[in-house]
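Chain residues, written in single-letter form:
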Amino acid sequence: MWEPDGAEGHVGRVGVLLEDGTVPGPVYIDIGSGSGGATVTDWFCYDGSFGRPRADRMRAVCACGWASGTAYPIDWDLVPDLQPHLFDTSAPEDDWAAHTREVAAAAVQLPEDIARLISQVRERLDRLEDRDPLTALRIVTALDAVIEIDGTAIARTAAYKHTDREIAAALGSTEKALTARLRRYGVERF
């Protein structure tokens with residue numbers, strides 16, 4: 001899974017396509033005798049073994065429902081046994097990164113002075129984290145207080161004036177991630 005920076009909820013991963021172009025459903029992994037087992041969608045499980053479907057292409061997919069239009073062949077002879085994570089999946093990851101950049105670019109842009117301040121705070125916290133963690137924690141606590149007070153009021157106003165879809169797009173988020181964020185600010189949608 002790939003975690004985004006600036007596109008909350010847009011978690012990406014490698015998805016697969018079968019030879020006929022269809023997306024296979026989850027596969028069952030038997031973890032031993034008995035009724036135990038799990039269903040998974042990890043790309044490397046679609047290798048055709050144990051009666052599972054055999055994928056012939058991979059592509060990037062996102063938790064928001066987006067899927068890359070570009071697919072890349074899977075050469076199963078090059079996928080290391082027991083270490084499929086060593087197989088090069090950088091092309092799909094690059095496609096997903098381009099998707100998250102588009103999402104972030106479509107979001108409401110921070111005013112330059114605020115973006116600069118946030119960057120300065122992050123840099124300062126990075127420098128303090130190892131050297132003076134108590135001061136760094138005090139800074140984070142002060143920021144939390146601002147968010148707790150102002151974030152709740154602002155989130156309520158935004159929720160009153162805009163739909164979840166509009167707010168999610170403005171934040172570069174997904175509606176699912178937005179629901180969790182609004183709940184954190186004490187805003188419930190019914």
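In the block above lies the structure referred to throughout.
Scoring rules and cut-offs
- Residues numbered from 1 in each chain as written.
- Predicted model: local features only at pLDDT ≥ 70, side-chain atom pairs only at ≥ 80, totals over all residues.
- Heavy atoms only, no water.
- Helix = DSSP H or I, 4+ residues; strand = E, 2+ residues; numbered from the N terminus.
- Buried < 20%, exposed > 50% of the residue type's maximum accessible area, 1.4 Å probe, protein only.
- Expected span 1.5 Å × (residues − 1).
- Arc of directions from axis to C-beta.
- Contact = heavy atoms within 4.5 Å.
- Pairing = 2+ DSSP bridges.
- Phe/Tyr/Trp six-rings, centres within 6.5 Å; stacked < 30°, edge-to-face > 60°.
- Salt bridge = Lys/Arg side-chain N within 4 Å of Asp/Glu carboxyl O.

**Q** Could you give me a rundown of the environment of Ile 149, with the residues and numbers involved?
**A** Looking at the element boundaries, Ile 149 is found in helix α3 (residues 133-161). Residue class for Ile 149 comes out exposed when judged on its relative accessible area of 61%. Ile 149 sits 36 residues away from Tyr 185 along the chain, and the two C-alpha atoms are 9.0 Å apart.

**Q** Please give an account of helix α1 (residues 90-106) that cites residues and values.
**A** The terminal C-alpha atoms of α1 lie 24 Å apart, and with 17 residues this matches the ideal 24 Å at 1.5 Å per residue to within 8%. Taken together, the buried positions of α1 are Pro 92, Asp 95, Trp 96, His 99, Thr 100 and Val 103. Within α1, the buried residues cover an arc of 140 degrees as seen down the axis, which keeps them to one side. Of the exposed residues in α1, those oriented more than 90 degrees away from the buried face are Arg 101 and Ala 105. As for α1, its buried residues are in contact with β1 (12-18), β4 (55-62) and β5 (72-73).

**Q** Residues and numbers for the sheet that holds β5, please.
**A** Spatial strand order, β1-β4-β5: three strands in an open sheet with antiparallel pairing. Each edge of the open sheet carries a strand with a single partner, namely β1 and β5. Where β4 meets β5, two bridges bridge the pair, whose relative direction is antiparallel. Along β5, the bridge assignment pairs Met 58 with Tyr 72.

**Q** Can you lay out the packing of aromatic side chains for me, pointing to particular residues and giving the numbers?
**A** The description of two aromatic rings rests on the distance between their centres and on the angle between their planes. Within the structure shown, the criterion is met by four aromatic pairs. Measuring from centroid to centroid gives 5.7 Å for Trp 2 and Trp 96, while their planes differ by 40 degrees, and the two rings are tilted. In this pair, Trp 2 is assigned in the segment before β1 and Trp 96 in helix α1, connecting sequence segments 94 residues apart. The same class applies to Trp 2 and to Trp 96, which are both buried. Summarising the aromatic geometry, the rings of Trp 43 and Phe 87 are spaced 5.6 Å apart at their centres and angled 40 degrees between planes, so their arrangement reads as tilted.

**Q** Which residues make up the pattern of salt bridges, and what values go with them?
**A** Applying the stated criterion to the full structure yields four salt bridges. Of the charged contacts, one joins Glu 8 and Arg 181 as a salt bridge, the two residues approaching to 3.0 Å between their closest N and O atoms. Pair noted here: Glu 8 is in the segment before β1 and Arg 181 is in helix α5 (residues 175-184), with a separation of 173 residues, a long-range link. A salt bridge links Arg 165 to Glu 175; the shortest N-O distance between them is 3.3 Å. With Arg 165 in helix α4 (residues 164-171) and Glu 175 in helix α5, the pair connects residues that are 10 residues apart, well separated along the chain.

Shape descriptors only; they carry no functional weight alone.
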